[in-house]
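Chains, contacts and geometry: an overview
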Amino acid sequence: MKKLLIYLPLILLLACTKNEHVGIPTDTNATQETTALYHNLKQLAYTSVLYGHQDDLAYGYSWWAEDGRSDVKESVGAYPAVIGWELGDLSQGVEENLDGVRFDNMKHWIKQAYEGGSINTISWHMNHPVTGGDSWDTTPGVSAILPGGTKHSLYKDWLDIFADFLSDLTGERGEYIPIIFRPFHEHTGSWFWWGDDQTSIEDYRAIWIYTLEYLRDQKGIHHLIYAYSPDGGGGYHFQDYMKKYPGDTFVDILGFDDYASFMRDTSRVEELSAELGQIVEWAREKDKIAAWTETGLEAVAEPQWFTNSMLAAIKHHPSAMGIAYALTWRNANFEREQRNHFYAPHPDHESVADFIRFYQDSLTLFQDGLPNLYEIR
């Protein structure tokens, strides 16, 4: 049995050689479902763009923690194909993340999304290991958590907690649920303690590689797909996209976070599309997947934003249509937080009609249009 598990990725690769766009994650011991997801997502990227939404099952504009609800589903009749989750405060021994979502509920919804056929992706706005502050504390901190650093032991403890969380994510057959993980994201900006001004090229690459190797080799976590996600900054940071890239051996997805393009000017479609297209071209050269890992226009302030800006940016440059998925940020509950902090329509919003057109477009996929992503096709 052990030999079969060891050679499973190779067996899957040989089984897939008839397909043109074979995809194998960097973890050569990735689980069967993780390998299948990576392969299928890589193939789908040639024909479709999956739509994603942060915290979609956990809360919405006017509701909180009601099982089965989703602002996206209540707007277009289908759940997102990709659902994002946030682990901020996981390392602090508390029951809720930084947005008030209970971690036990999050595990339930991750399993629910997986059983429904969607993809789960996790970001981690990690607390500051030196000062005890939050992610937005810009005191440099990466050197302290590297091997030999003053907080290295603490960081290993945090990764152990994360590994325990991941080990509890299993499907109905006991299989581990594949997760797209985006560590130390938006590092080309300088608003996090791991940001560009706070971290050297060498230290950023080193902590990325250490994190992956510790989870994979020391903790035996083999159901992660690793997404490298710099911030585009509306073009300001794009030139630094590859500056701290940890290397092809340690990255599965070339991601891209960009809100600033739309905050500056919702008509900035051509330049953004060219940037997305460049990432797709880099990903294909490296045999990786490209994704628009975070984006959105707060309060969907332009009622036709989904088709006139987001979809237009994907379609304008020929290569940009090769991104695998695009994820808009969360719909904060207006009674708990800001009334206008939402990035997907809710059923009463004026952008719903445009969002339905986005849903119906032949390029986009939601959960109801997905093939089985967790078996090799």
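Cut-off values and rules
- Residues numbered from 1 in each chain as written.
- Predicted model: local features only at pLDDT ≥ 70, side-chain atom pairs only at ≥ 80, totals over all residues.
- Heavy atoms only, no water.
- Helix = DSSP H or I, 4+ residues; strand = E, 2+ residues; numbered from the N terminus.
- Rg over C-alpha atoms; globule rule 2.2 N^0.38 Å.
- Buried < 20%, exposed > 50% of the residue type's maximum accessible area, 1.4 Å probe, protein only.
- Contact = heavy atoms within 4.5 Å.
- Core = buried A, V, L, I, M, F, W, Y, C linked by side-chain atoms within 4.5 Å.
- Pairing = 2+ DSSP bridges.
- Right-handed = clockwise from strand over helix to strand, strands pointing away.
- Phe/Tyr/Trp six-rings, centres within 6.5 Å; stacked < 30°, edge-to-face > 60°.
- Lys NZ or Arg CZ within 6 Å of the ring centre and 35° of its normal.
- Patch = residues over 30% accessible without salt bridge, like charges linked within 9 Å, V, L, I, M, F, W, Y side chains within 5 Å.
- Areas by Shrake-Rupley, 256 points an atom, 1.4 Å probe, with all protein chains shown as cover.
- Salt bridge = Lys/Arg side-chain N within 4 Å of Asp/Glu carboxyl O.
- Axes fitted to C-alpha atoms, helices over the stretch in contact; angles between N-to-C directions.
- Parallel < 35°, antiparallel > 145°, perpendicular 65-115°, else oblique.
- Left-handed = near helix turned anticlockwise from the far one by under 90°.
- pLDDT = per-residue confidence, 0-100.
- Expected span 1.5 Å × (residues − 1).

Moving on, we come to the overall build of the chain. Looking only at helices and strands, the chain features 11 helices and 13 strands. For the chain, the C-alpha radius of gyration of 19 Å lies close to 21 Å, the compact-globule estimate for 377 residues. With the C-alpha coordinates aligned to their principal axes, the bounding extent of the chain is approximately 55 × 50 × 40 Å. Going through the 377 residues of the chain one by one, you find that 61% of them count as buried. A separation of at least 24 residues holds for 72% of the contacts in the chain among residues at least 6 apart in sequence.

Okay, the nonpolar core next. Formed by 113 residues in total, the largest nonpolar core has its most connected members in L50 and W292. Not counting the four nearest positions on each side in its chain, L50 is found in contact with L41, L44, A81, V82, I119, A324, Y325, A326, L365, L370 and L373.

Right, let's talk about unusual backbone geometry for a bit. Among all residues except glycine, the phi angle is most often negative; among peptide bonds, the trans geometry is most common. The phi torsion at D89 lies on the positive side, around 85°, for a residue other than glycine. Structurally, D89 is set in the loop between β4 (82-86) and α4 (103-115). For D89, a relative accessible area of 21% translates into the label partly exposed. In this model, D287 sits at a positive phi of 60°, which is unusual for a non-glycine residue. Tracing the chain through its elements places D287 in the loop between α9 (269-285) and β10 (289-290).

In this structure, strand β9 (residues 257-258) lies alongside strand β11 (residues 292-295), joined through 2 bridges in parallel fashion. Looking across to β11, one finds that D257 is bridged to E294. Bridge count for β11 against strand β12 (residues 325-328) is 2 bridges, and the pairing is parallel. For T295, the partnering residue across the bridge sits in β12 and is T328. As for the winding sense of the linkage, the β-α-β connection from β11 through helix α10 (residues 305-316) to β12 is right-handed.

Attention now moves to the pairing of strand β6 (residues 179-182). Burial along β6 is two-sided: the residues I179 and F181 and I180 and R182 are all buried. With 3 bridges connecting them, β6 and strand β7 (residues 224-228) associate as parallel partners. Considered in β7, the bridge of I180 is made with I225. In this region the chain leaves β6, passes through helix α7 (residues 201-218) and returns to the parallel neighbour β7; the handedness of that crossover is right-handed.

Attention shifts here to the packing of aromatic side chains. All told, the structure shown has 40 aromatic pairs when counted by the stated rule. Ring plane angle 70° and centroid distance 6.4 Å describe the contact between W191 and F192, whose orientation is recorded as edge-to-face. Relative accessible area serves as the criterion here: at 2%, F192 is assigned to the buried category. Over the ring of Y79 we find K73, and its NZ or CZ is 5.6 Å from the ring centre. In this structure, R284 packs its charged tip against the face of Y46, placed 4.3 Å from the ring centre.

Right, let's talk about the environment of G296 for a bit. Inspection of the secondary structure assignment puts G296 in the loop between β11 and α10. With residues up to four places along the chain from it excluded, the contact list for G296 reads D258, Y259, F262, W305, T328 and Y343.

Moving on, we get to a nonpolar patch on the surface. Together, L98, W136 and W191 give the surface a local cluster of nonpolar side chains, amounting to about 280 Å² of exposed area. By the secondary structure assignment, W136 is in the loop between β5 (119-123) and α5 (142-145). Judged by relative accessible area, which is 43%, W136 ranks as partly exposed.

Turning our eyes to something else, we now look at the packing of helix α6 (residues 152-167) against α7. Running from N to C, α6 and α7 cross one another at 50°; their axes reach a closest spacing of 11 Å. The angle between α6 and α7 falls in the class oblique. In this structure, the crossing between α6 and α7 has a hand that is right-handed. Taken together, the residues of α7 that come into contact with α6 (itself represented by H152, Y155, K156, L159, D160, F162 and A163) are I207, Y210, T211, Y214 and L215.

Tallied over the full model, the rule gives 19 salt bridges. One salt bridge connects E95 with R102, and the closest N-O pair in it is separated by 2.9 Å. Since its relative accessible area comes to 30%, R102 is described here as partly exposed. One salt bridge in this structure joins R173 and E175, with 3.4 Å as the shortest N-O distance. For E175, a relative accessible area of 10% gives the class buried. It is possible to trace a salt-bridge network through shared partners that takes in E33, R173 and E175.

Let us look at the confidence of the model for the chain. Looking at the chain as a whole, its pLDDT mean stands at 93, while 93% of the residues score no less than 70. Predicted confidence for residues 1-19 stays below pLDDT 50, and this span has 19 contacts to residues more than four positions away or in other chains.

Before going further, it helps to spend a moment on α4. A rise of 1.5 Å per residue sets the reference length of α4, with its 13 residues, at 18 Å; its end C-alpha atoms lie 18 Å apart and thus fit the reference within 8%. Here the buried face of α4 lies against α2 (32-44), β4, β5, α6 and β6. Looking one or two residues beyond α4, the residue adopting positive phi is G117, at roughly 105°.

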